[in-house]
Amino acid sequence: MKVDRRSFLAFGVGGAAGTALSPLPWKLTDDLSIWSQRWPWVPIPKDGEIRYETSTCTLCPGGCGIAVRMIGERPVKIEGRKDHPVNQGGVCLRGAAGLQYLYGPSRVRTPLKRVGKRGQGQWARISWEAALSELAGKLKALRNDGHPEGLACITGKDRGTVAALLKRFMTAFGTPNYFGPATSTHALETAVRTMTGQEGPVGFDLEHSDLVLSFGSGLLDGWGSPVRVFKAVSHRIERHAEVIQVDSRMSNTAARADRWIAINPGTEGVLALGMAHVIIAKSLYNQQFINQFAAGFDAFKKIVMADFTPDAVAGITGAAPGVIAELAEKFSQAKRPVALCGRGRGMVPGALSESMAVVALNALVGGINQDGGLRLLPDPAYISWPEPVMDPVALKGNQAPRLDGAGDHPVFSPATPNRFFDQLRENAARTPAILMVAEANPLYTLRDTQAVEKTLKQIPYLVSFSSFMDETARQADLILPNHMFLERFEDVPSPAGFSRPFIGLSRPVVAASYNTRHIGDTLIDLARRLKGSIAAAFRWTNYETCLKETLGRKWDGMLKNGYWMNTAASPVSWNTLFKTRSGRFEFNGEDMAAPPWKSIHVAAAGDSSAFPLVFVPYDSIRLASGSVGNAPFMTKTVPDTVLIKEEIVVEINRETAGRYHLAEGKKATLATPRGQVTVRVHLSDRIMPGLVAMPTGLGHTAYDDFLAGKGVNVNQLIGPAKDPLSGYDAAWGIRAKITKA
Amino acid sequence: MSHSSDPVSPEGNESPAATSDTESKDGAVIILFFIIGLAASMVVGWVVFPTLLYSKKYQPVSFNHTLHVKEVENGCQSCHFLRKDGTFSGIPTLNSCKSCHESVQGETEEEARFVSQYVDRNREVPWLIYSRQPDCVFFSHAAHIVTAKMDCVTCHGHIGESDRSPVYEVNRITGYSRNIWGKSIAGIKHNSWDRMKMDDCSACHVRENVRQTSVQTEKGGCFVCHK
Ligand code: SF4
């Protein structure tokens, strides 16, 4: 038998025929197509019984009630609680992406001690015991030297029991250097305090207002309690209410408002006083309120009539005198008007007089504690612990001057982290020995990033409580990671701008994923290690018992409902509302050396010949600009007019771009007195000529690959401007120049 | 090309007898090889391939359905039920098992092992699911057992009458159970539960004249099961 090529071919043909007659090719094709649907990176959600755990979101000051969809012990989705008074079923993009913070790669998973150089990212994983005994040792040494004031603390939250525990720790330890955040909410509360004598949260009754006049507040860009505000704005159609947005660029809010009034940036307060001028001149104000319940009206009137004529205001703001008059008439003739302040998301306090001008405008139309107006809420004041007893060391330490210079004005002594860094720059000798940072990321959120970084590096020992490897944590010597919000208990009082007394409860929906600890427990443990009067001030067994005890009778209801709300409280009437010495509403504030209106117009820093343009940061709901950056899903929604791959896009008016020969999408160099970066430009008709706008929330250098290295942090380009009246950061922009790259 | 293999003598003289003889022999050889090729590939396709394609796995605990069905009051639904929200419970979790098996009940070795390894350690049993469909399929038990009033056997066969867990054959390429394609590699089915591929779903949907559009989206065709 001769086996030649023909036989071989025959074998092949037979094989092919046989294969075709067997199921192999058909089955294999089918299997391969199924195989191609099972790539290992395609997420397949777990199957199982669905249940919901409720909690409160603490990713922003919104205080939304959330229902976390669980399968087994695994949370798979965050939804808004339909039965929650704040957000009524909604969540924002960030809340919806909240689980990515829980499982994301930037979590700090165990206490870490720095081993390499600062900021190099070389860490030794250590036990809680080792970490706490190291920190307790350093703290004891400070007190043994008689300088407990060498301990400072920056925190991103100043309400609720966690903040109160931190503050208590500092007091019992013997240091006044506790720095809470300073936002537009704080500026507004300071304004309200000096004008009404009321301490406590300030709300806006947006749901019942028929005219919402927003002075640059990003109602759809994350202002206040974002979901609640979204709902109020979108339901205005049914209520026949109107939203008027005053803004220097067509923000999302301006685009969806009923009317957009374009003005020069930073002149919102001036416009408010211009409107006050018209209202007073035409006697459109609430006579009863002014005659019976107000003080200082004559002085206010005098200044407003003299310095804020429509023509003068038009010159500053760019709004036509006719528009100012029309706006004033409309506002005073509305049934339930309300004026809002706080630019964008309200992260920057702004000048105190700006907030005061808006409160004064509300007062002129009698819109205080009325339906649809500005509401002064009683402080829920549920944290009533006995004052900590201080030992002699602590007593002496607490006498030391504060490192941020707060308290140097009899009325306004807000603590601001910006000023803390400013003061250290001016006087390095006052550098604290230890800085603790809790729920804050000053290295990202404070203005003039480069300067803050330099100053921070001078501080010998930096302790971070961050749940994430953020910019500040990366510079730390020791990280004591806190649980993230889905893993911990916490009270969340007074959602920003909410119009009722309210305390939300955040509670663990999952067991801690990593070797982290509640910051409250860490503080209680530390206090115990420091013994004596400090330990005595922290007698609670753990944070949970502390919270439970503090909330007292409210606790059970809060566990059940997830919140406490005082529905019975109706707004206090004007007769008894004002706690000023005069018992009236003080138009110019109490204890002011002079009426505050001179400082209302804050100019952009920088020389206008070298920097002919003006740089303005803007906020967007798609970008988290606080201490915790974007979750990956959020960045996916950012359009290419904001970010192209890793490059930031700035918005610039077509005409201005033409002057500098800039074309759409082209690279340019943007410089301000504080820094210089490369950007791409987006030409737009939605922004005034002469401005360059950049989104906040990008340009992280820490976190993970999903966030780091994308875009530019606006704080690199802008410095703080100290409001002479309050010390708050009043900068809304800075001068800039742009050149073709 | 054919030249080189023609039986031509070097001189160019052809020998007729020799030619026909060689031709018939060559033909036979070719046919033989064809048959060998055919047979070998058939063996590969029908026997070797299925053996290689599936690997055998055993359930962590061999489960006796017959025994359990006798003990429980409510038949299959005692353990496999529709939850309040309309989703199907599937294979019970350890918690359901625990309501009876907190401690050992009977005398079987399997049960003793189940209690010591899973109940005592509070570990879920990693059951292998014979009927697991790809994730892209939205299958609703409620639609089938409540609306269409189908019984379990139609799709799952007589598993409820088994006294031990069958071997779980997993497709090495797709990762799914052999029960989906069916025991017969040729895809031949005798019973409704023999195969559960997409065509089987749609054949039944067409035959029973069920709604041919998605309830949620009103889209037709694929969208009934693929959302
Ligand atoms: S608005 Fe704020 S509180 Fe509400 S879901 Fe979003 S991040 Fe959370």
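All values derive from a computational prediction rather than experimental measurement.

Caption draft 1: Representation of the overall build of chain B in the model. In terms of regular secondary structure, chain B is built from eight helices and two strands. Its helices and strands in sequence order give chain B the pattern α-β-α-α-α-α-α-β-α-α, from N to C terminus. For 227 residues, the compact-globule formula gives about 17 Å, and the C-alpha radius of gyration of chain B, at 28 Å, lies well above that figure. In terms of overall dimensions, chain B has a C-alpha envelope of 95 × 50 × 25 Å along the principal axes. Within the span of chain B, comprising 227 residues, buried residues form 24% of the whole. Here the contacts in chain B between residues at least 6 apart in sequence split such that 59% fall between residues at least 24 apart.

Caption draft 2: Quick peek at the packing of aromatic side chains. Tallying each qualifying case throughout the model produces 28 aromatic pairs over all chains. Measuring from centroid to centroid gives 6.0 Å for F538(A) and W540(A), while their planes differ by 85°, and the two rings are edge-to-face. When the ring of F63(B) is compared with that of W127(B), the centres are 6.2 Å apart and the planes differ by 90°; the resulting orientation is edge-to-face. In this pair, F63(B) is assigned in the loop between β1 (54–57) and α2 (65–71) and W127(B) in the loop between α4 (109–119) and α5 (141–147), connecting sequence segments 64 residues apart. Pairwise contacts between aromatic rings join Y285(A), F289(A), F293(A), F297(A), F300(A), W574(A), F578(A), F585(A), F587(A) and W597(A) into one cluster. Geometry around Y176(B) places R38(A) over its ring, the cationic atom sitting 4.5 Å from the centre. Positioned over the ring face of W564(A) is K554(A), at 4.7 Å from the centre of the ring.

Caption draft 3: Molecular detail of the sheet that holds strand β11 (residues 259–262) of chain A. Residues and elements named next belong to chain A. A sheet is described by the order of its strands in space; here four strands give the open sequence β11-β10-β9-β13, paired in parallel fashion. One side of each edge strand has no neighbouring strand; the edge strands of this open sheet are β11 and β13 (337–340). Strand after strand, the sheet turns through a mean of 15° between neighbouring axes, direction not considered. The pairing of strand β9 (residues 211–215) with strand β10 (residues 242–247) spans five bridges and is parallel. Bridging from a neighbouring strand, V212 pairs with V243 of β10. On top of the sheet, helix α16 (residues 352–364) reaches β9 and β13; it is set at about 175° to β13, its chief contact.

Caption draft 4: Summary view of the pattern of salt bridges. Residue and element names in this part refer to chain A. The full count for this structure, using the stated rule, is 51 salt bridges over all chains. Of the charged contacts, one joins R107 and E487 as a salt bridge, the two residues approaching to 2.9 Å between their closest N and O atoms. Here E487 lies in the loop between β17 (478–479) and β18 (490–493) and R107 lies in the loop between α4 (99–103) and β4 (112–114), a separation of 380 residues in the sequence. Residue R107 is classed as buried on the basis of its relative accessible area, which comes to 4%. Assessed through its relative accessible area of 4%, E487 is described here as buried. Taking the shortest distance from any N to any O, the salt bridge between D258 and R236 comes out at 2.8 Å. Linking D258 in the loop between α10 (252–256) and β11 with R236 in helix α9 (residues 236–239), this pair joins segments that are 22 residues apart in sequence. Given a relative accessible area of 40%, D258 falls into the partly exposed group.

Caption draft 5: Highlighting the interface of chain A and chain B. Taken together, the 32 residues of chain A in the interface contact 33 residues of chain B. Both sides of the chain A and chain B interface together cover about 2,800 Å² of buried area, and 70% of this is carbon and sulfur. One can count two salt bridges joining chain A with chain B. Its salt-bridge partner being R83(B), residue E49(A) comes within 3.9 Å of it at the nearest N-O pair. Along the contact surface separating chain A from chain B lie ten residue pairs in polar contact (both at pLDDT 80 or more). With twelve residues, the top contributor of residues to the side of chain A that touches chain B is helix α1 (residues 5–21) of chain A. A breakdown of the residues in the side of chain A that touches chain B according to their chemical character gives 16 nonpolar, eight polar and eight charged.

Caption draft 6: Up close: the environment of W574(A). All names here are of chain A. With respect to the helices and strands, W574 occurs in helix α26 (residues 574–577). Classification of W574 as buried rests on a relative accessible area of 9%. Separated by 206 residues in sequence, W574 and I368 place their C-alpha atoms 8.3 Å apart. Leave out the neighbours within four places in its chain, and W574 touches N286, Q288, F289, F293, G366, I368 and Q370. Polar contacts involving the side chain of W574 include one to the main-chain carbonyl oxygen of I368, which spans 2.7 Å.

Caption draft 7: Main features of the nonpolar core. All names here are of chain A. Core analysis: the biggest nonpolar cluster contains 77 residues, and F215, F300, L361, L364 and F587 have the highest contact counts within it. Among residues more than four places away in sequence, those in contact with F587 are M195, I290, A294, A295, G296, F297, F300, M356, A360, A363, L364 and W597. Counting residues in each nonpolar core, the second largest holds 49 residues, with L142, W385, M436 and L551 among its members.

Caption draft 8: Helix α14 (residues 310–317) of chain A, seen in detail. Residue and element names in this part refer to chain A. Every buried residue of α14 is listed here: P310, V313, A314 and T317. Projection of α14 onto a plane perpendicular to its axis shows the buried side chains occupying an angular sector of 105°, all on one side. In α14, those exposed residues whose orientation departs by more than 90 degrees from the buried face are D311 and G315. As for α14, its buried residues are in contact with α11 (268–281) and α15 (321–333).

Caption draft 9: Up close: the pairing of strand β2 (residues 65–71) of chain A. All names here are of chain A. Counting buried positions along β2 yields six of seven residues, so the element is predominantly enclosed. Of the strand pairs in this sheet, strand β1 (residues 50–56) and β2 are connected by seven bridges, and their pairing is antiparallel. What sits directly across from Y52, in β2, is R69. Where β2 meets strand β3 (residues 74–80), six bridges bridge the pair, whose relative direction is antiparallel. Residue pairing across strands places I66 opposite G80, the latter belonging to β3. If you look at the hairpin formed by β2 and β3, you'll find two residues sitting between the two strands, and G72 has a positive phi there, around 60°.

Caption draft 10: Fine view of the side chain of R143(A). All names here are of chain A. Positionally, R143 belongs in helix α5 (residues 128–144). Relative accessible area serves as the criterion here: at 13%, R143 is assigned to the buried category. Residues within four places of R143 in sequence aside, it is in contact with P148, A172, F173, D391, V393, A394 and I534.

Caption draft 11: Spatial organisation of the sheet that holds β2(A). Residue and element names in this part refer to chain A. Sheet architecture is open: three strands sit in the order β1-β2-β3, paired in antiparallel fashion. Because the sheet does not close on itself, it has two edges, and the strands there are β1 and β3. Here the average twist between neighbouring strands, direction ignored, is 30°.

Conventions used here
- Residues numbered from 1 in each chain as written.
- Chains lettered and ligands numbered in written order.
- Predicted model: local features only at pLDDT ≥ 70, side-chain atom pairs only at ≥ 80, totals over all residues.
- Heavy atoms only, no water.
- Helix = DSSP H or I, 4+ residues; strand = E, 2+ residues; numbered from the N terminus.
- Rg over C-alpha atoms; globule rule 2.2 N^0.38 Å.
- Buried < 20%, exposed > 50% of the residue type's maximum accessible area, 1.4 Å probe, protein only.
- Contact = heavy atoms within 4.5 Å.
- Phe/Tyr/Trp six-rings, centres within 6.5 Å; stacked < 30°, edge-to-face > 60°.
- Lys NZ or Arg CZ within 6 Å of the ring centre and 35° of its normal.
- Pairing = 2+ DSSP bridges.
- Axes fitted to C-alpha atoms, helices over the stretch in contact; angles between N-to-C directions.
- Salt bridge = Lys/Arg side-chain N within 4 Å of Asp/Glu carboxyl O.
- Buried area = accessible area lost by both parts, 1.4 Å probe.
- Polar contact = N/O pair within 3.5 Å; in protein donor to acceptor, adjacent residues only side chain to side chain.
- Nonpolar A, V, L, I, M, F, W, Y, C, P; charged D, E, K, R; others polar.
- Core = buried A, V, L, I, M, F, W, Y, C linked by side-chain atoms within 4.5 Å.
- Arc of directions from axis to C-beta.

The analysis is restricted to geometry; functional conclusions fall outside its scope.
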